[in-house]
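Examining the three-dimensional arrangement
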Amino acid sequence: MDAFILQVLNGLDKGSAYALIALGLTLIFGTLGVVNFAHGALFMIGAFCAVTLQKILGISFQTIDDTQTDFLGNPLKVDTPYVEAWFGPEMGMAIQDWSVPLAILLVIPVMFFLGWVMERGLIKHFYTRPHADQILVTFGLAIVVGELIKAFYGANPIQTPAPDMFIGTLDVGVWLGMDAGSVAYPKWRLVYFAFSAVTIGAVFAFLQFTTFGMVVRAGMADRETVGLLGIDIDKRFTFMFGLAAAVAGMAGVMYTPILSPHYNIGMDFLVLSFVVVVVGGMGSLPGAVLAGFMLGILQSFASMNEVKAVIPGIDQIIIYLVAIIILLTRPRGLMGRKGVMEE
Amino acid sequence: MLGLNSRDFKLFIVVCIMALAAPILLNPFPTASALGESFNAGYPALMQRFVIFGILVIGFNILFGLTGYLSFGHAAFLGVGSYAAVWMFKLLSYNVVPAIILSVIVAGLFAVVIGYVSLRRSGIYFSILTLAFAQMSYQLAYSVFTPLTNGETGLQVYNDDPQILMGANSPASPHLFGLEMNSQYTLDISGWSFVFQNGYYLSAIFLILGFYLSIRIFRSPTGLMLRAIKSNQTRMSYTGINTKPYMLAAFVISGMYAGLAGGLLAAMDPLTGAERMFWTASGEIVVMAILGGVGTLVGPVLGAGIIKYLENIVSKINDGILHQWFAFMPDFLDNALVSIIHPFIGKGWHLTLGLLFMAVVIFLPGGLVQGGQKIGGFFRRKKTDDAADGAKTPAE
């Protein structure tokens, strides 16, 4: 039983990341009808926003402390980060410690702007072209972004730790009335799950309960009619692209303590989240979220030793296998709408 | 001639000459000169890659160019072909004939299975299905199939392998009935040295055969049928034609081309690894086809050649070479230029590739062949304009 719960929990954090990326992909596909292969790159840019903020907060100036000496007997040079000088040592330390959550504040405007630029500058010109062309141009963009990141930040993963209070594990089993220590779970992963649940909820609430969201949903159902009603639907769809980019960016920021970001992380996640979108059903938001969590949890079950002993190698291929089975038995995916991508 | 119309025959002859004379044509600069060191491409290892990837992309083009089905998992067939060939080396002998035959057959069978399943869906679903199959093959080759693939180490021939057909004086490297693949003949003519290698010529002959076959397929009734599927599959079904067998045939042929390319890669260098099946390798195939021109006959070969050539050249250039080139400029300009170009050269080759690829997709959806046609059309139009002007003047 505790092994079961542990695997579900393990699946949740990966599933949340898949769900967040797949949500953005589906949002873009449902509104603009564009297959965005560069979405993983947006996730990665988000992750590197966290790296950048951590670096910025670490910028420091040198002072010479005459009271202390280094091992050569010279006066000791002390590096003081500017934030510590400005806000006092304790506050400064805390700000640095919390650099990853703080990066959310940075990433939302940055990603929103990038998404807006990308849509207006590049994607706009591809609405009338075939889906294959959209895949290809965004695939090219993903290569370029990955290589730019590599040129600026190097090829090695960069450590971005979570705030101190979230390091370590939490004994989840005790809450469920089990023995202490049976189900220990890293705190940050719980935070990640909670964060993504809130984000997904917020996106759905935005679409469901605001006038803006209502117009967007109407546009997804029938773009032409909404346009004929005198609503500038293009502007709203551009906004949705920015929103999808921001969601991907936030997912990236929060994932950095779990997996140190490197320049290939976007591609790794992209392939999987595309599979997730297709399993969930192109154009279905709840489908994307459901499939994200489902595949994440399935993957973590498949990596249990007991399962691997029966079917060796299953943990590596489970996602693709599920995708193939679903596509062949339910061609529109779990919750796909009729008439989407069926030319 | 040879069942081709005169235009195709001319194209075919040009490709033959290019392929057979490549060791001379690709060495335009004296070997020891600075230009020669940077830009000459006429050495066997690189030329082999030109033709082998040419074969691969010709096959890919039969699927994507004719039917419009974008396969994102073509590298799987390449990898399977390589594994089959290396196994033949391990079990029989270093003779390349059984290796290449088996690699084509195995890749073909593999393509039948994957194609049968994937072709039940179209559009992006087809792309995702092929991608999923290729990723599965890659992951399995790394983990469960280690006895077959030797996992991360990669498959290679060891001394204690059976090699039952190995005679006492058979060469200990891939050979064609005693003709060793890596033996070569060097011709030195006043500063130029041209290298003619057996392995290259074997691959080039396969390229020519493959190219001929692809022309015949493009011009055949089957080719027409495949094109019709691309333009409107629904209408084909309404006409009462079952499109499945045609699609599967195209998929399998294209998989067999990839298997042949994989077998040849192994024949040139008898080892292989799972990374040949990784999805970036599939992406590279797509990039080559798009760059050259999808659906054209010669585009794929051109695309494969250009990408491999640029990869080789651009990765070789470094800051030192750039400084040499810009030495005539004032220092500050020299340094500024070098620091601008720096991210795009050497290790930054993929950045250049990505930008080039995007530019082609945005501005030239038909690839370089279309670009060439546009430029050609521009000049021709100008000429006719001139002629028209000429005709007008005397009338005045």
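Predicted model, so just to flag it, every value in this text is computed and none were measured. (Residues numbered from 1 in each chain as written. Chains lettered and ligands numbered in written order. Predicted model: local features only at pLDDT ≥ 70, side-chain atom pairs only at ≥ 80, totals over all residues.)

**Observations regarding the overall build of chain A**
Per the secondary structure count, chain A includes 15 helices and four strands. In terms of overall size, chain A behaves like a compact globule, its C-alpha atoms giving a radius of gyration of 23 Å where 343 residues would be expected to give roughly 20 Å. Projected onto its principal axes, the C-alpha positions of chain A cover 75 × 55 × 35 Å. Within chain A, the fraction of its 343 residues that count as buried is 45%. Counting contacts in chain A only where the partners sit at least 6 residues apart, residues at least 24 apart contribute 74% of the total. (Helix = DSSP H or I, 4+ residues; strand = E, 2+ residues; numbered from the N terminus. Rg over C-alpha atoms; globule rule 2.2 N^0.38 Å. Buried ≥ 20, exposed ≤ 12 C-beta atoms within 10 Å, placed from the backbone. Contact = placed C-beta atoms within 7 Å.)

**Re the overall build of chain B**
Broken down by element type, chain B carries 18 helices and six strands. Expected size for 396 residues packed as a compact globule is a radius of gyration near 21 Å; at 23 Å, chain B falls within 12% of this value. Expressed along its principal axes, the backbone C-alpha trace of chain B runs to roughly 85 × 65 × 45 Å. Pairs at least 24 residues apart make up 76% of the contacts formed inside chain B by residues separated by at least 6 positions.

**Some words on the interface of chain A and chain B**
In many analyses, interface size is given as the accessible surface area lost on bringing the parts together. Taken together, the contacts link 32 residues of chain A with 33 residues of chain B. For the side of chain A that touches chain B, the secondary structure elements donating two or more residues are α6 (131-153), α12 (265-280) and α15 (314-329) of chain A. Sort the elements by how many residues they give to the side of chain A that touches chain B and α6 of chain A lands first, with 14 residues. Among the residues making up the side of chain A that touches chain B, the classes are represented as 25 nonpolar, four polar and three charged. (Nonpolar A, V, L, I, M, F, W, Y, C, P; charged D, E, K, R; others polar.)

**Here we look at the environment of Lys90 of chain B**
All names here are of chain B. When you line up the elements, Lys90 lands in helix α5 (residues 75-91). Once the C-alpha coordinates of Lys90 and Val157 are considered, the two residues, 67 residues apart in sequence, prove to be 5.5 Å apart. In contact with Lys90, other than residues within four places in its own chain, are Val157, Asp161 and Gln163.

**Remarks on the nonpolar core**
Leu23, Val275 and Ala323 of chain A together with Leu56 and Ala261 of chain B are the most contacted members of the largest nonpolar core, which has 210 residues in total. Looking at this core, the element that brings in the most residues is helix α11 (residues 233-255) of chain A, giving 15 residues. In this view, Ala261 of chain B contacts Ile52, Phe53, Ile55, Leu56, Leu78 and Gly81 of chain B; residues no more than four positions away in its chain are not counted. (Core = buried A, V, L, I, M, F, W, Y, C linked by C-beta atoms within 7 Å.)

**Describing the pairing of strand β4 (residues 184-189) of chain B**
Residues and elements named next belong to chain B. When you tally the buried positions in β4, you get zero out of six residues, a small fraction of the element. The pairing of β4 with strand β5 (residues 192-197) spans six bridges and is classified as antiparallel. The residue bridging Tyr185 from the neighbouring strand is Phe196, located in β5. Hairpin connection, β4 to β5: the antiparallel pair is bridged by two residues, and Ser190 has positive phi, about 30°. (Pairing = 2+ DSSP bridges.)

**Focus: the environment of Ala142 of chain A**
Residues and elements named next belong to chain A. Locating Ala142 in the fold gives a position in helix α6. For Ala142, a count of 23 C-beta atoms within 10 Å gives the class buried. Sequence separation of Ala142 and Ser260 is 118 residues, and the distance between their C-alpha atoms is 19 Å. Not counting residues up to four positions away in its chain, the partners in contact with Ala142 are Phe37, Ala38, Gly40, Ala41, Gly266, Met267 and Leu270.

**Considerations on the environment of Gly46 of chain A**
Residues and elements named next belong to chain A. Position of Gly46 relative to the elements: it lies in helix α2 (residues 39-57). The exposure class assigned to Gly46 is buried, which follows from the 31 C-beta atoms found within 10 Å. C-alpha separation for the pair Gly46 and Arg120, spaced 74 residues apart in sequence, amounts to 20 Å. With sequence-adjacent residues up to four places away left out, Gly46 is seen in contact with Val107, Met111, Ala248, Gly249, Met250, Ala251, Gly252 and Val253.

**Overview of the pairing of strand β2 (residues 75-81) of chain A**
Residue and element names in this part refer to chain A. Along β2, only zero of the seven residues are buried, which leaves the element largely exposed. For strand β1 (residues 60-69) and β2, the ladder comprises seven bridges, and the chain directions are antiparallel. In the strand pairing of β2, Asp65 is matched with Leu76. Between the end of β1 and the start of β2, which pair antiparallel, lie five residues, with Gly73 showing a positive phi angle near 90°.

**Some remarks on the packing of helix α8 (residues 187-209) of chain A against α11 of chain A**
All names here are of chain A. Two elements in contact, α8 and α11, have axes separated by 10 Å at closest approach and are oriented at 170°. The angle between α8 and α11 falls in the class roughly antiparallel. Between α8, through Tyr192, Phe195, Ser196, Thr199 and Val203, and α11, the contact on the second element is made entirely by Val247, Met250, Ala251, Met254 and Tyr255. Of the residues belonging to the contact of α8 with α11, the class tally is eight nonpolar, two polar and no charged. (Axes fitted to C-alpha atoms, helices over the stretch in contact; angles between N-to-C directions. Parallel < 35°, antiparallel > 145°, perpendicular 65-115°, else oblique.)

**Re the confidence of the model for chain B**
Residues and elements named next belong to chain B. Per-residue confidence for chain B gives a mean pLDDT of 83; residues scoring 70 or more make up 96%. Contacts from residues 390-396, a stretch scored under 50 in pLDDT, to residues over four places away or in other chains number zero contacts. Here the predicted complex scores 0.83 on pTM and 0.80 on ipTM. (pLDDT = per-residue confidence, 0-100.)

**A few points about helix α1 (residues 6-20) of chain B**
Residue and element names in this part refer to chain B. Taking 1.5 Å of rise per residue, the 15 residues of α1 would be expected to cover 21 Å, and the 21 Å separating its terminal C-alpha atoms lies within 8% of that figure. Of all the positions in α1, only Val15, Met18 and Ala19 are classed as buried. Around the axis of α1, the buried residues are gathered within 95° of arc, so they sit on the same side. Of the exposed residues in α1, the ones pointing more than 90 degrees away from its buried face are Ser6, Lys10 and Ile17. (Expected span 1.5 Å × (residues − 1). Arc of directions from axis to C-beta.)

**With respect to the packing of helix α4 (residues 44-67) of chain B against helix α13 (residues 279-292) of chain B**
Residue and element names in this part refer to chain B. It is at 9 Å that the axes of α4 and α13 come closest, and there the two elements cross at 80°. With respect to α13, the element α4 is oriented roughly perpendicular. Facing α4, whose interface residues are Phe53, Leu56, Val57, Phe60, Asn61 and Phe64, α13 presents Ile285, Met288 and Ala289. Residues that form the contact of α4 with α13 fall into these classes: eight nonpolar, one polar and no charged.

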